[in-house]
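Structure assessment
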Amino acid sequence: MKKIYRILSPLMIVALVLGSVSVAAAPIAPGSDLITTQAALNAEHGQTNRERIHDILARDDVRDQMIEQGVDLAEVEARVAALSDAEAAQMADQLEQLPAGASVVGALFAVFVILLVTDILGLTNVFPFTR
């Protein structure tokens, strides 16, 4: 029995070492980073912010005001979808802090500011006076 242990022990040690070396030496692909819990929560929170913005923009009075101002509703939806998580959070917070009677004007102002900033950055082409 001791003779078998003396033969198998070094073989088992070598097998375990070689098995773990291949895992440790495996190259990590650039796009295979682990997602942290905080990043997953931020992504979920960003989606809820966009849903809150869509709920406000879906109201009939807000849509009527945007149409009256000459804003394309499909373009507004596309721009809200293109917002970064930080911009969506900021816009959702601003829309929630508006007084009850001024929500339509405030929402339109927030949409106008976002459209203006994206136009100045060259991401869109809505306002001719920004060129």
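Anything mentioned here points back to the structure above.
Residues numbered from 1 in each chain as written. Predicted model: local features only at pLDDT ≥ 70, side-chain atom pairs only at ≥ 80, totals over all residues. Heavy atoms only, no water.

1. A short note on empty space enclosed by the protein
Summed over the entire model, instances satisfying the criterion amount to 1 cavity of 30 Å³ or more. Reported here for the largest cavity is a volume of approximately 50 Å³. Taken together, V76, R79, V80, L83, M91, V111, I114 and L115 make up the full set of residues lining the largest cavity. Counting only elements with at least two residues in the lining of the largest cavity, the list comes to α4 (73-82) and α6 (103-120). Taken together, the residues that form the lining of the largest cavity break down as 7 nonpolar, no polar and 1 charged. (1 Å grid on protein atoms, 1.4 Å probe; cavity = no way out; pocket = protein on both sides within 12 Å on 5 of 7 lines; lining within 4 Å. Points joined across faces, edges and corners; volume = space filled by probe spheres on them. Helix = DSSP H or I, 4+ residues; strand = E, 2+ residues; numbered from the N terminus. Nonpolar A, V, L, I, M, F, W, Y, C, P; charged D, E, K, R; others polar.)

2. Re the packing of helix α3 (residues 60-69) against α4
Closest axis-to-axis distance for the α3/α4 pair is 10 Å, and the angle between their directions is 115 degrees. When the axis of α3 is compared with that of α4, the two are roughly perpendicular. Of the residues in α4, those touching α3 at R63, M66 and I67 are L73, V76 and E77. Of the residues contributing to the contact of α3 with α4, the split by class is 4 nonpolar, no polar and 2 charged. (Axes fitted to C-alpha atoms, helices over the stretch in contact; angles between N-to-C directions. Parallel < 35°, antiparallel > 145°, perpendicular 65-115°, else oblique. Contact = heavy atoms within 4.5 Å.)

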